[in-house]
Amino acid sequence: MSPLAHILALPIRGYRLIFSPWVGFNCRYQPTCSQYALEALEKHGALKGGWMAAKRIGRCNPWGQCGYDPVPDTSDSTKR
């Protein structure tokens, strides 16, 4: 993981540690949005992974879809 991706992961890890147990585990997707963000940062780096995480959080709303939505592999992401 790049240093910038590591820095971007800190608030996500803080959310998972402090706020997530209080708010509840109500994510519409599997894996959860925070887990998706951490995986995207790890697999794709700070810029692309951060963009993928932001798009995923934007999709996580009452009018959005739900279900299994894994982070695409690096080879899959070039096809899109």
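What comes next concerns the included structure. Throughout this description, residue numbers start from 1 for each chain and increase along the sequence as written. Two thresholds apply to this predicted model, a pLDDT of at least 70 for residue-level local features and 80 or more for giving and counting side-chain atom pairs, whereas whole-chain, interface and lining totals are computed over all residues. Neither water nor hydrogens contribute to the side-chain values; these are computed over all heavy atoms in the structure.

## Considerations on unusual backbone geometry
Alright, step 1. Residue P31 is reached from Q30 by a cis peptide bond, and omega for that bond is 0°.
Alright, step 2. Along the chain, the position of P31 falls in the loop between strand 1 (29-30) and helix 2 (33-59). Secondary structure follows DSSP: runs of H or I at least 4 residues long count as helices, runs of E at least 2 residues long count as strands, and numbering of each begins at the N terminus.

## Describing the environment of D69
Alright, step 1. Here D69 shows up in the loop between strand 2 (67-68) and helix 3 (74-77).
Alright, step 2. Each residue is assigned to one of three classes by its accessible area relative to the maximum for its type, calculated with a 1.4 Å probe on protein chains only: buried under 20%, partly exposed between the two thresholds, exposed over 50%. Note on D69: relative accessible area 18%, which makes it buried.
Alright, step 3. Expressed as a C-alpha distance, the spacing of D69 and P31, which sit 38 residues apart in the sequence, is 6.8 Å.
Alright, step 4. In this description, contact between two residues means that some pair of their heavy atoms is separated by no more than 4.5 Å. For D69, the residues in contact, after removing those within four places along its chain, are Y29, Q30, P31, Y36, R56 and R59.
Alright, step 5. Of note is the side chain of D69, whose polar atom sits 2.4 Å from the side chain of R59. The definition of a polar contact used here is a pair of N or O atoms within 3.5 Å, where within protein one atom must be able to donate a hydrogen and the other to accept one, and adjacent residues in sequence count solely through side-chain atom pairs.

## Some words on the packing of helix 1 (residues 3-23) against helix 2
Alright, step 1. For the pair helix 1 and helix 2, the least separation of the axes is 10 Å and the interaxial angle reads 170°. Classified by the angle between their axes, helix 1 and helix 2 sit roughly antiparallel to one another. Where helix 1 approaches helix 2, its residues L4, A5, L8, A9, I12, R13, Y15 and R16 are matched on the opposing element by S34, Q35, A37, L38, L41, G45 and A46.
Alright, step 2. Charged means Asp, Glu, Lys or Arg here, nonpolar means Ala, Val, Leu, Ile, Met, Phe, Trp, Tyr, Cys or Pro, and polar covers whatever is left, Gly included. Residue composition of the contact of helix 1 with helix 2, by class: ten nonpolar, three polar and two charged. A fitted line through C-alpha atoms represents every axis, and for helices the fit uses only the stretch in contact; the resulting angles, taken between N-to-C directions, go from 0 to 180 degrees. Note on terminology: angles under 35 degrees are roughly parallel, angles over 145 are roughly antiparallel, angles of 65 to 115 are roughly perpendicular, and the others are oblique.

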